[in-house]
2 protein chains.
Amino acid sequence: MGDKEISKAVINRLPRYYRYLGDLLEIDVVRISSKELSEKMKVTASQIRQDLNNFGGFGQQGYGYNVEYLHSEIGKILGLEKRYNVVIIGAGNLGQALANYVDFERRGFFVRAIFDISPRLIGTKIRGIEVLSSDLLEEYIEKNTVDIVAITVPKAKAPQLASDLVKWGISGIWNFAPTDLNLPKEVTVENVHLAESLMKLSYRLTVKDEEE
Amino acid sequence: MGDKEISKAVINRLPRYYRYLGDLLEIDVVRISSKELSEKMKVTASQIRQDLNNFGGFGQQGYGYNVEYLHSEIGKILGLEKRYNVVIIGAGNLGQALANYVDFERRGFFVRAIFDISPRLIGTKIRGIEVLSSDLLEEYIEKNTVDIVAITVPKAKAPQLASDLVKWGISGIWNFAPTDLNLPKEVTVENVHLAESLMKLSYRLTVKDEEE
């Protein structure tokens, strides 16, 4: 697209549209009106039309949206028609959970290698993928195409690891360590901060309690 | 606070302030100016002042913020001075990762029980907490105070489970299943959709590629 004008809020909603349309496809729904989609997704119909107009519309007056077409077009916008080589660093429970999540593959994300420093884990296999020693990481990145690195190491180790990764040429990081990585602008970092999500939940529970 | 006027964007930033201030406390920083905090957090100083003014300020002209005080006040706003009894449903890798995350306890979230349907997992222990059969869930909730239920079961099972939980009196849900739960308004649901986070990453990588 190369269009920088698309707001972050729209981008945040696209994966959700994609997920809903995928659910509809699974139950063989062929077309849907923006009104129906809006009821399902709890977003206003005009919001949906506005969001999709950012990418040229896709809808047809009086017909609504062709589910398969819209799903595939949003998939293209999200870059899901490509294949991504993913490497996970940290083979603890969270790293294992990511490695075991087959749904990622369906969307083009393939876990190619898992690294850890623990002798207890090195050599074990997760869904057929061997856990390698972190000592081999630099060499692995040199010899293989790695599009995305998922970081599931402890907070204290994440900043150094991330800056090493960038030095070795990695430009896409999926960060699960509970810290912000200060990396050059050209590196794309997507954070999943679980503790912050839990704090938002406790905030909302607290406000609710006080209102009662 | 009972103040409904506080925007979602502010609420989303509070856990991050809390995390940063906690990091500063760990290295014995006593006070910080909004300018310094702003440089660390990559948020403008005026944004920080504005955010904190929602809760009465906390800063002192010419002094800045007392780190410990601000940390503790934001903690109170987030409801972190309380203790939450957490139950995890689904003892797979993700459930285990959550159960093993000791940092949650430091913030008042205590995992009291883990449930699963798999005979292979029932009876095993995760950090000393026994995995119980899901058959016992309703009885457990009846006999114990449960503030938050983390759902890490497959997508297909999540909606029924969530509506059972609500029927049994649960009003705080931390949902990891890749589906939206359609629950009554009085139930607070915080979603962690990993696949959507990954799609946002691929979108940003795609846009970057096309700009180059």
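Analysis parameters
- Residues numbered from 1 in each chain as written.
- Chains lettered and ligands numbered in written order.
- Predicted model: local features only at pLDDT ≥ 70, side-chain atom pairs only at ≥ 80, totals over all residues.
- Heavy atoms only, no water.
- 1 Å grid on protein atoms, 1.4 Å probe; cavity = no way out; pocket = protein on both sides within 12 Å on 5 of 7 lines; lining within 4 Å.
- Points joined across faces, edges and corners; volume = space filled by probe spheres on them.
- Helix = DSSP H or I, 4+ residues; strand = E, 2+ residues; numbered from the N terminus.
- Nonpolar A, V, L, I, M, F, W, Y, C, P; charged D, E, K, R; others polar.
- Buried < 20%, exposed > 50% of the residue type's maximum accessible area, 1.4 Å probe, protein only.
- Pairing = 2+ DSSP bridges.
- Least-squares fit on C-alpha atoms with pLDDT ≥ 70 in both.
- Contact = heavy atoms within 4.5 Å.
- Expected span 1.5 Å × (residues − 1).
- Buried area = accessible area lost by both parts, 1.4 Å probe.
- Salt bridge = Lys/Arg side-chain N within 4 Å of Asp/Glu carboxyl O.
- Axes fitted to C-alpha atoms, helices over the stretch in contact; angles between N-to-C directions.
- Parallel < 35°, antiparallel > 145°, perpendicular 65-115°, else oblique.
- Left-handed = near helix turned anticlockwise from the far one by under 90°.
- Arc of directions from axis to C-beta.
- pLDDT = per-residue confidence, 0-100.

Asks: Now, about the layout of surface pockets: what can you tell me, with residues and values included?
Replies: Of the voids in this model, the second largest pocket is the one considered here, and its volume is about 860 Å³. As for the second largest pocket, its lining consists of 34 residues, and the residues nearest its centre are Gly90(B), Gly92(B), Thr152(B), Val153(B) and Pro154(B). Of all the elements in the fold, those that place two or more residues in the lining of the second largest pocket are helix H5 (93-100) of chain A together with helix H5 (93-100), strand E4 (109-116), helix H8 (158-167) and helix H9 (194-211) of chain B. Top contributing element to the lining of the second largest pocket by residue count: H5(B), with 4 residues. Of the residues that constitute the lining of the second largest pocket, the class distribution is 19 nonpolar, 9 polar and 6 charged.

Asks: Give a detailed account of the pairing of strand E4 (residues 109-116) of chain A, specifying residues and quantitative values.
Replies: Residues and elements named next belong to chain A. Of all 8 residues in E4, 7 are buried, a share of seventy percent or more. Two strands pair when backbone bridges link them, and strand E3 (residues 84-89) and E4 are joined in this way by 6 bridges, in the parallel orientation. When the sheet's bridge partners are listed, Val 87 is paired in E4 with Ala 113. One ladder, built from 3 bridges, connects E4 with strand E6 (residues 129-133); its direction is parallel. Directly across from Ile 114, in E6, lies its bridge partner Val 131.

Asks: Mind laying out the relation of the copies chain A and chain B, listing which residues take part and the relevant values?
Replies: Aligned on chain B, chain A shows an RMSD of 0.0 Å; the corresponding rotation is 180° and the shift along the axis is 0.0 Å. Taken together, the turn and the small shift mark the pair as related by a two-fold rotation axis. Every residue of chain A has its C-alpha some distance from the rotation axis, and the shortest such distance is that of Asn93(A), at 2.6 Å. Most of the interface of chain A is mirrored in chain B, where 100% of its interface residues are also at the interface.

Asks: Give me the lowdown on H9(B), citing residues and values where you can.
Replies: For H9(B), built from 18 residues, the straight-helix expectation of 26 Å at 1.5 Å per residue is met to within 8% by its first-to-last C-alpha distance of 26 Å. H9(B) sits mainly inside the fold: 13 of its 18 residues count as buried.

Asks: Describe the interface of chain A and chain B, and please don't skip the residues or the numbers.
Replies: Taken together, the contacts link 67 residues of chain A with 67 residues of chain B. Where chain A abuts chain B, roughly 6,100 Å² becomes buried across the two surfaces, and 56% of that area is made up of carbon and sulfur atoms. Of all residues in chain A, Leu198(A), Met199(A) and Tyr203(A) bury the most surface against chain B, accounting for 12% of the area lost on that side. At the surface where chain A touches chain B, the tally comes to 10 salt bridges. Close ionic contact of Asp180(A) with Arg16(B) constitutes a salt bridge, the shortest N to O distance being 2.8 Å.

Asks: Describe the sheet that holds strand E5 (residues 125-126) of chain B, with residues and values.
Replies: Overall, mixed pairing links the 7 strands, which are arranged E5-E6-E4-E3-E7-E8-E9 (chain B) in an open sheet. Since the sheet does not close on itself, it has two edges, and those belong to E5 and strand E9 (188-191) of chain B, each with one partner. On the sheet, helix H9 (residues 194-211) of chain A packs against strand E3 (84-89), E4, strand E7 (148-151), strand E8 (172-175) and E9 of chain B and is oriented at approximately 165° with respect to E9(B).

Asks: Summarise the packing of H5(A) against H5(B); cite the residues concerned and give the values.
Replies: How two helices sit against one another is set out by the angle between their axes and by the gap between those axes. Interhelical geometry of H5(A) versus H5(B) gives an angle of 165° and a closest axis separation of 8 Å. As the angle between them shows, H5(A) and H5(B) are arranged roughly antiparallel. Seen from above, H5(A) lies across H5(B) with left-handed handedness. Taking contact as the criterion, the partners of Asn93(A), Leu94(A), Gln96(A), Ala97(A) and Asn100(A) in H5(A) are, on H5(B), Asn93(B), Leu94(B), Gln96(B), Ala97(B) and Asn100(B).

Asks: An account of helix H2 (residues 34-41) of chain A is needed here, citing residue identities and associated values.
Replies: All names here are of chain A. Within H2 the residues assigned to the buried category are Ser 34, Leu 37, Ser 38 and Met 41. Buried residues of H2 fall within an arc of 100° about the axis and therefore sit on the same side. In H2, the exposed positions angled more than 90 degrees off the buried face are occupied by Lys 35 and Glu 39. Two residues or fewer past H2, Lys 42 is found with a positive phi of approximately 55°.

Asks: Explain the sheet that holds E4(A) to me, and be specific about the residues and the numbers.
Replies: Read across the open sheet, the 7 strands follow the order E5-E6-E4-E3-E7-E8-E9 (chain A); overall the sheet is mixed. Strands at the two margins of the open sheet, each flanked by one partner only, are strand E5 (125-126) and strand E9 (188-191) of chain A.

Asks: An account of the confidence of the model for chain A is needed here, citing residue identities and associated values.
Replies: Taken residue by residue, chain A gives an average pLDDT of 91. The fraction at 70 or more is 96%. If you check the scores for this complex, the pTM reads 0.90 and the ipTM reads 0.91.

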